[in-house]
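# Architecture and fold: a report
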Amino acid sequence: MIVSQDTSPDLETLVGAFYGPLEQLAQFQEVTADDLPAPYRALLDHDQHMTVTLERFHECPVQLQLLQRSVADTHYARNTLLRRSTDGKLVQFGIARLALTFLPKPVRDEIEQARIPMGRVLITHNVLRRVQLAGLWRLEPTDRLTKIFGCDEPVPTYGRTALIYCAGEPAVELLEVMPPGLSDVG
């Protein structure tokens, strides 16, 4: 099991797998849904797969770009970007950590290939799943995250942590961060 049902994904573990201490990526401040400006609230404050939410919001499929991955005997972690299929615009920065024992081998294999978003893999394979929002965050990006977002200077943005339960077990820990400037989505 990754975490107990009474706790959230460990933000330091997720970020630390690829960026070291949290401060290497961003300053994180936990916020409430009321603190999220539009459209961040609609994109983050829900218990749905982010893949489906982003595709609905952007009115097109999203494509996965793998930045980094880590594979161990019990866990698979990856750092990814999701981009609109229509124009390649960045729509999400994410880190996912998956406990391999909770998924059938064909599903694990497809996730490890990192060709399509994890949510889409779970949906396609009809894996019994439930997404649980764990926390909402305001981020002050470091230069590193600012460059990933393609910005010239740091601009605050928002994200969330969530769990995906598979067959009743917390199988996937997630950090999902929206790029800054979503008021000019077009």
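To be clear, the structure that these remarks concern was listed above.
Presented here is an overview of the structure given in this document. (Residues numbered from 1 in each chain as written. Predicted model: local features only at pLDDT ≥ 70, side-chain atom pairs only at ≥ 80, totals over all residues. Heavy atoms only, no water.)

A word on the overall build of the protein. The number of helices and strands found in the protein is 6 helices and 7 strands. Traced from its N-terminal end to its C-terminal end, the protein shows the element sequence α-β-α-α-β-β-β-α-α-β-α-β-β. Taken against the 2.2 N^0.38 rule, which gives 16 Å for 186 residues, the C-alpha radius of gyration of the protein at 15 Å falls within 12% of a compact globule. Overall, the C-alpha framework of the protein stretches about 40 × 35 × 30 Å when taken along its three principal axes. Across the 186 residues in the protein, those meeting the buried criterion constitute 49%. Long-range pairs, those at least 24 residues apart, make up 62% of the contacts in the protein between residues at least 6 apart in sequence. Accessible surface computed for the protein: about 8800 Å², of which carbon and sulfur atoms make up 46%. (Helix = DSSP H or I, 4+ residues; strand = E, 2+ residues; numbered from the N terminus. Rg over C-alpha atoms; globule rule 2.2 N^0.38 Å. Buried < 20%, exposed > 50% of the residue type's maximum accessible area, 1.4 Å probe, protein only. Contact = heavy atoms within 4.5 Å. Areas by Shrake-Rupley, 256 points an atom, 1.4 Å probe, with all protein chains shown as cover.)

Let us now look at the side chain of Thr-53. Within the secondary structure, Thr-53 is located in helix H3 (residues 50-58). A relative accessible area of 6% means that Thr-53 is categorised as buried. Setting aside chain neighbours within four positions, we find Thr-53 in contact with Ala-42, Leu-43, His-46 and Gln-48.

With that settled, the discussion passes to the sheet that holds strand S6 (residues 157-166). Taken in spatial order, the 7 strands make up an open sheet running S1-S5-S6-S7-S4-S3-S2, and their pairing is antiparallel. In the strand order of this sheet, the two ends are held by strand S1 (26-31) and strand S2 (62-71), each with one partner. Direction aside, neighbouring strands of the sheet carry axes that sit 25° apart on average. Across 8 bridges, the pairing between S6 and strand S7 (residues 169-177) is antiparallel. The partner of Leu-163 across the bridge, within S7, is Glu-173. (Pairing = 2+ DSSP bridges. Axes fitted to C-alpha atoms, helices over the stretch in contact; angles between N-to-C directions.)

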